[in-house]
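What follows is the residue order along each chain.
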Amino acid sequence: MTQGLNGITLESVQERDQKDPLAGFKAHFSLPEGVLYLDGNSLGAQPTAARQAVNATLDQWRDELIKGWNQGWFDSPERLGDLLAPVIGAGQGEVCVTDNITLNIFKLLGYITQQAPTERRAVLSEGGNFPTDGYIAQGFCQVSGFEHRFLPEGAELAEHLDGVAVVVLSQVNYRTGALRDMAAITQLVHDHGVEVIWDLAHSAGALPVHLNESGARFAVGCTYKYLNGGPGAPAFLYVHQRVQDGGWQPLSGWHGHAAPFAFDADYAPASDISRFRTGTHSALAYTALEASLALWSEVDMQALREKSLALTDLFRDCLSDLFNTHGIEDITPSANQRGSQVSLIDGENGYAIVQALIARGVIGDYREPGLMRFGFTPLYLSFEDVWQAARHFREVVESGEFKDPQFHVRGAVT
Ligand SMILES: *Cc1c(COP(=O)(O)O)cnc(C)c1O
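Residues numbered from 1 in each chain as written. Predicted model: local features only at pLDDT ≥ 70, side-chain atom pairs only at ≥ 80, totals over all residues. Heavy atoms only, no water.

Peer 1: Lay out the overall build of the protein in plain terms, naming residues and giving numbers.
Peer 2: When helices and strands are tallied, the protein shows ten helices and 15 strands. Taken over the C-alpha trace, the protein has a radius of gyration of 22 Å; the compact-globule value for 414 residues is 22 Å, and the two agree within 12%. Projected onto its principal axes, the C-alpha positions of the protein cover 70 × 60 × 40 Å. Partitioning the intrachain contacts of the protein with sequence separation of at least 6 by distance along the chain shows that 72% fall at a separation of at least 24. Carbon and sulfur atoms provide 52% of the accessible area of the protein, an area that totals close to 17500 Å². Placing the 29 positive and 50 negative side-chain charges of the protein at their respective mean positions leaves the two points 2 Å apart. (Helix = DSSP H or I, 4+ residues; strand = E, 2+ residues; numbered from the N terminus. Rg over C-alpha atoms; globule rule 2.2 N^0.38 Å. Contact = heavy atoms within 4.5 Å. Areas by Shrake-Rupley, 256 points an atom, 1.4 Å probe, with all protein chains shown as cover. Lys, Arg positive; Asp, Glu negative; His and termini not counted. Charge placed at Lys NZ, Arg CZ, Asp CG, Glu CD.)

Below, the structure written as structure tokens:
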């Protein structure tokens, strides 16, 4: 028997891998040799089938040329939306895979506010959210004349809804990993006569999401994080069936037109979720994502959640004694209040520790100020992977390896 990490032995985690019902999914991912990847919350790993799918689409482009658009390319926003719907608790015809989160928020802000009561002239963004959600709300307010406000971090939402037409909230906070109660908050916001756009960037594919059951009407999310759709993979947008015929969304392009190939001079929105499309999309990008979504159709989301919580706890349990002795603060929320990440604060050494880990092939990421962020993706991480990552973390910190000047140099993308 090895001595273990904080008493947790390698043998014990190998036993857990043998009993893991999701263990088979790892074989469907192409992961580089020697890498322990704890950054699937920034960019998911590559499903092996994605390469074959993209190659097949390249062949289709070569051989079929323009005919490809009638062979599945044109309909991919709706087709992939229907494939994604069960993963986020949405119905068929309620999800459109399109553009990126930033643009999708803009479209929904325009769509919602044009129907808002005239006394509600403000858009509320949450402080501490991923910045683009606030930036685009500010841009929207500049062109629309709406007033932009921030909900201070930690403030009571109910006290900040006066005069607000719509609020944008993340279900899981990208820094802390804190998980919101979607059903309760949706109810509260609706009771105040306000709409909410849920951002699922750190919850779609990370845990079971129940959009319909929660009463949610609007949501956005990306597919390149936990959903493994590839770098720059198209985002998604959810609009509940009952609120799909409310007028225009402001980025009124030809693909969202009721008859895109009629080439009418005037815009008329499509009657369904397709109105949230804008213009021509990348068939290649959709192909890679579709290969990933085929895998997701096999995933038991409850088992995913259980493994996610077990992996995050394992990492922390292997290191809790070290955190105490080295002044590292574990701000990861408790089990029912977190997404699928571990968040650690070390204001002085956090950046260098993450760089030293990356040099060892343990990839996490760093966010200012002081935050070391580790994403746990149950489809391609084993219990042993997590144990080994914790071993490296311990060695980097205990040996002082992170103090090497090379780990203090800042790159463009962190
Ligand atoms: C990753 C992320 C985004 C990314 O937005 P894009 O427009 O797709 O680049 C937006 N919001 C949140 C909360 C995120 O975590």
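Peer 1: Can you break down the sheet that holds strand 15 (residues 371-375) residue by residue, with the values?
Peer 2: Reading across the sheet, the four strands line up as 11-12-15-14 and stay open at both edges, with antiparallel pairing between neighbours. Each edge of the open sheet is held by one strand with a lone partner, namely strand 11 (329-330) and strand 14 (365-367). Alignment of strand 12 (residues 341-345) against strand 15, held across five bridges, turns out to be antiparallel. Bridging from a neighbouring strand, Leu344 pairs with Met372 of strand 15. Relative to strand 12, helix 8 (residues 301-326) is tilted by about 20°, and along the sheet it contacts strand 11, strand 12 and strand 15. (Pairing = 2+ DSSP bridges. Axes fitted to C-alpha atoms, helices over the stretch in contact; angles between N-to-C directions.)

Peer 1: So what's going on with the environment of Asn41? Which residues, and what values?
Peer 2: Relative to the elements of secondary structure, Asn41 occurs in the loop between strand 2 (36-37) and strand 3 (46-47). Taking relative accessible area as the criterion, Asn41 reaches 0% and is therefore assigned buried. Contact partners of Asn41, with chain neighbours within four places excluded, come to His202, Lys225, Tyr226, Gln341, Arg373, Phe374 and Gly375. (Buried < 20%, exposed > 50% of the residue type's maximum accessible area, 1.4 Å probe, protein only.)

Peer 1: Got a sec to walk through the domain arrangement of the protein? Specific residues and values, please.
Peer 2: Each assigned domain of the protein is listed with its residue range as follows: domain 1 (10-30 + 300-408) and domain 2 (51-296). One C-alpha centre belongs to domain 1, the other to domain 2; they are set 30 Å apart. Each partner contributes to the interface: domain 1 provides 28 residues, whereas domain 2 provides 18 residues. Taking both sides of the interface into account, the surface hidden between domain 1 and domain 2 amounts to around 1800 Å²; carbon and sulfur atoms contribute 63%. Remark: the boundary between domain 1 and domain 2 carries zero salt bridges. (Domains from an automatic or database assignment. Buried area = accessible area lost by both parts, 1.4 Å probe. Salt bridge = Lys/Arg side-chain N within 4 Å of Asp/Glu carboxyl O.)

Peer 1: Quick rundown of the pattern of salt bridges? Include the residues and the values.
Peer 2: This model, assessed by the stated rule, comprises 22 salt bridges. The shortest N-O distance in the salt bridge between Glu398 and Arg394 comes to 3.3 Å. One end of the pair is Glu398 and the other is Arg394, both in helix 10 (residues 383-399) and four residues apart, which spans about a single turn. Judged by relative accessible area, which is 11%, Arg394 ranks as buried. Connected through salt bridges with shared partners, the residues Asp313, Arg316, Asp330 and Arg338 form a single ionic network.

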